[in-house]
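Take a look at the letters that make up each chain.
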Amino acid sequence: MAVYILLALLAVVIFWIIAKYNSLITLRNQTTNGWKQIDVQLKRRHDLIPNLVSTVKGQMQFEQDTLEKVIQARNSAVTATGVADAAAKENILTGALSKLFALVENYPTLRSNENVQQLQEELTSTENKISFARQFYNDIATRFNISQQTFPGNIIASMFNFTAAELFEIQVATEREVPKVDLSLKR
Amino acid sequence: MTIPSPFARRNIYEQQAHNRQMTVFVMIGFALFLGLLGMGFDFYFSGSVGEGGFIPLGTVVALAVGTGSAFWSLSNGPSAVLTSAGAVPADDSNPSHRQLLNVVDEMAIASGLPRPAVYVIPDADPNAFATGKDPQHSSIAVTQGLLDSLNREELQGVVAHEMSHIRNYDIRLMTVVAALMGAILLLSDWARRSLWYGRGRKRNSKSSGQLGALLLVLWLIGIILAPIITRMMAMAVSRKREYLADASGAEMTRNPLGLASALKKIDTAVEPTASIKRGAAHLCIADPLGRSVNSREGFVAELFGTHPPIEKRITALQAMAYQSAPTPAA
């Protein structure tokens, strides 16, 4: 009798382990997929930037420094590896881009240029997509992490070597920085 | 600081489950109504329902028409609504359409759904609706007037609202409801005509009985009031969904004020949206017919309005803005 009870208990535990394991795998895949979504948008931004820079270059002679920074930030972002590294480099790029857009406002011909407007819309949208994809990724990754860290899920997680997903965080230093506006700028 | 809608407290899965339940109730309601129409017809013309080898033709036809149109509408209804509104697919090379496509893409990412087909209706009045069978087969249509009068943030709010209708399966429910409404109106119209022109065999038959008389009275009331009753049923379903779509749309953009100011602009546009026909009114973000019943509160508005008063929706959204800190996904 006691043997049967033990066997039944064992069966319950095994089923529970299987269910938990499967749910962790599902969450891990969803997290990876969420990251891919961000990745697609980041790539798109990297592709758009050279276009933008070459369109505005002619008329923004005085702004070579800013343009240079955008290109540099873009090139370093392309080579980023891993979530944390990508987050840091992309944030620098976001900062450089928003400065460039602020400067474009000073050039009426650029502002009314159809190409620039189009590129601006594309980049704005890509920025939004990045932040929405990030929002989605962070939500899923948080769920994945919680289910790994709470008891008794943490036993399964450590048994099968699940690791916590990194969150895509906003870098305090770059994105929260107040943009500096140079008022002495001459046209 | 609380969201003044009982629906906002449901998480998205509960809401989807609730919508499926509601769909079943509404279907039963419509089926009963269709059955009543058919049975009354049989009774009026034969004096009995399915007695003595008589085939209850009216009942069978009524239920068949209802079922048929519900299924037909699931595969053809959305495109029929789009065609009747004169909607054309958004054009990638037109800047304002391009922006719309981008905004829809953004909201698809935020909600984790596939991107719906995007249409533009050449109408100067601002309005928008979503339709379809499920998130994989869905469309969003907005008027050119909406694109012209809203800024990017406001457009995002409106698209998020429509995206929520898709995510909550409101689009499927509304499509089926519209089809059943049409079926009932058609049948009650036939029944009324048959009353004027047909010669009922009622007087020849002896076995009326009290139950028969009651059924007959119900039937007569039913066919006379059919247009009003069906509209009330459809409206009850659609009105409640608007608050929820506002709330979950705001959760997607994390910017309730964008939608609030869009609603304000849509509200102040006085012209009714001419291209959107009465049959699609309950799909829209704001009543396209400009009926005053939707701006009022109280019993009559509760019964007949397709949309809650815009004032109330704006107030609800503004209340959310005070607590719009990111919330974990439900």
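Residues numbered from 1 in each chain as written. Chains lettered and ligands numbered in written order. Predicted model: local features only at pLDDT ≥ 70, side-chain atom pairs only at ≥ 80, totals over all residues.

This brings us to the overall build of chain A. Scanning chain A for helices and strands turns up seven helices and zero strands. The secondary structure elements of chain A, listed N-terminal to C-terminal, are α-α-α-α-α-α-α. Looking at the 187 residues of chain A, the share that counts as buried comes to 26%. Looking at chain A alone, contacts between residues at least 24 apart form 77% of all its contacts between residues at least 6 apart. (Helix = DSSP H or I, 4+ residues; strand = E, 2+ residues; numbered from the N terminus. Buried ≥ 20, exposed ≤ 12 C-beta atoms within 10 Å, placed from the backbone. Contact = placed C-beta atoms within 7 Å.)

Assigned secondary structure in chain B consists of 10 helices and four strands. In chain B, the order of α-helices and β-strands from amino to carboxyl end is α-α-β-α-β-β-β-α-α-α-α-α-α-α. In chain B, which comprises 330 residues, the proportion classed as buried is 46%.

Moving on: the interface of chain A and chain B. Each side of the interface is counted separately: chain A has 12 residues, and chain B has 11 residues. Looking at the side of chain A that touches chain B residue by residue, the class counts come to three nonpolar, six polar and three charged. (Nonpolar A, V, L, I, M, F, W, Y, C, P; charged D, E, K, R; others polar.)

For the bond from Phe151 of chain A to Pro152 of chain A, the omega torsion is 0°, close enough to zero to count as cis. Summarising the element assignment, Pro152 of chain A is placed in the loop between α5 (114-149) and α6 (153-159). Positive phi, normally seen in glycine, also occurs at Tyr169 of chain B, with a value near 65°. Here Tyr169 of chain B shows up in the loop between α5 (152-167) and α6 (170-197). One non-glycine residue with positive phi stands out, namely Arg254 of chain B, at about 55°. For Arg254 of chain B, the location among the structural elements is in the loop between α7 (209-253) and α8 (256-268).

A separate point is the sheet that holds strand β2 (residues 117-121) of chain B. Residue and element names in this part refer to chain B. The sheet built from four strands is open, its strands ordered β1-β2-β4-β3 with mixed pairing. The sheet is open, and its two edges are formed by β1 (88-89) and β3 (128-134), each paired on a single side. Of the strand pairs in this sheet, β1 and β2 are connected by two bridges, and their pairing is antiparallel. Across the sheet, Val88 pairs through a bridge with Val120, a residue of β2. Here helix α2 (residues 57-84) sits on the sheet and contacts β2, β3 and β4 (137-143); the angle it forms with β3, its principal contact strand, is near 160°. Lying over the sheet, helix α3 (residues 95-111) contacts β2 and β4, oriented at roughly 145° with respect to β2. (Pairing = 2+ DSSP bridges. Axes fitted to C-alpha atoms, helices over the stretch in contact; angles between N-to-C directions.)

Moving on to the nonpolar core. With 101 residues, the main nonpolar core has Leu37 and Ala141 of chain B as its most contacted residues. The residues contacting Ala141 of chain B, other than those within four sequence positions of it, are Leu82, Ala85, Ala87, Tyr119, Ile121, Ala128 and Phe129 of chain B. In this structure, Leu52, Val56, Ala73 and Leu123 of chain A belong to the second largest nonpolar core, which totals 12 residues. (Core = buried A, V, L, I, M, F, W, Y, C linked by C-beta atoms within 7 Å.)

All names here are of chain A. Running from amino to carboxyl end, helix α1 (residues 2-57) crosses helix α2 (residues 64-78) at an angle of 165°, the nearest separation of the two axes being 10 Å. Classified by the angle between their axes, α1 and α2 sit roughly antiparallel to one another. For the pair α1 and α2, the sense of crossing is left-handed. Note on element contacts: α2 touches α1 through Leu67, Val70, Ile71, Arg74, Ala77 and Val78, opposite His46, Ile49, Val53 and Lys57. For the contact of α1 with α2, a count of residues per class yields seven nonpolar, one polar and two charged. (Parallel < 35°, antiparallel > 145°, perpendicular 65-115°, else oblique. Left-handed = near helix turned anticlockwise from the far one by under 90°.)

To continue, consider the pairing of β2 of chain B. Residues and elements named next belong to chain B. Counted residue by residue, β2 has four buried out of five residues, so it is predominantly covered. Inspection of the sheet shows β2 paired to β4 by five bridges, in the parallel sense. Following the sheet pairing, Val118 is matched in β4 by Ile140.

This part takes up α5 of chain B. Taking 1.5 Å of rise per residue, the 16 residues of α5 of chain B would be expected to cover 22 Å, and the 22 Å separating its terminal C-alpha atoms lies within 8% of that figure. Counting buried positions along α5 of chain B yields 14 of 16 residues, so the element is predominantly enclosed. (Expected span 1.5 Å × (residues − 1).)

Moving on: the environment of Met159 of chain A. Residues and elements named next belong to chain A. In this structure, Met159 sits in helix α6. Judged by the 11 C-beta atoms lying within 10 Å of it, Met159 falls in the exposed class. A sequence separation of 138 residues divides Met159 from Tyr21, and the C-alpha atoms of the two residues are 9.8 Å apart.

This brings us to the packing of α5 of chain B against α8 of chain B. Residues and elements named next belong to chain B. It is the contact of α5 with α8, at a shortest axis distance of 7 Å, that shows an interaxial angle of 95°. The orientation of α5 with respect to α8, classified from their angle, is roughly perpendicular. The residues of α8 that touch α5, namely those facing Glu153, Glu154, Gln156, Gly157, Val158, Ala160 and His161, are Gly258, Leu259, Ser261, Ala262 and Lys265. Split into classes, the residues belonging to the contact of α5 with α8 amount to four nonpolar, five polar and three charged.

Let us now look at the environment of Ile130 of chain A. All names here are of chain A. Mapped onto the elements, Ile130 comes out in helix α5. Taking the C-alpha atoms as reference points, Ile130 and Ile38, separated by 92 residues in sequence, lie 5.7 Å from one another. Apart from the residues lying within four places of it in its own chain, the contact partners of Ile130 are Ile38, Gln41, Leu42 and Arg45.

Turning our attention to the confidence of the model for chain B. Residue and element names in this part refer to chain B. With 77% of its residues at a pLDDT of at least 70, chain B reaches an overall mean of 77. Within chain B, helix α9 (residues 299-304) has the poorest average pLDDT of any element, 57, and β2 the best, 95. A low-confidence stretch, residues 1-9 (pLDDT under 50), is modelled with 18 contacts involving residues beyond four sequence positions or located in other chains. A low-confidence stretch, residues 323-330 (pLDDT under 50), is modelled with 10 contacts involving residues beyond four sequence positions or located in other chains. Interface confidence for the predicted complex, expressed as ipTM, amounts to 0.70; the pTM equals 0.75. (pLDDT = per-residue confidence, 0-100.)

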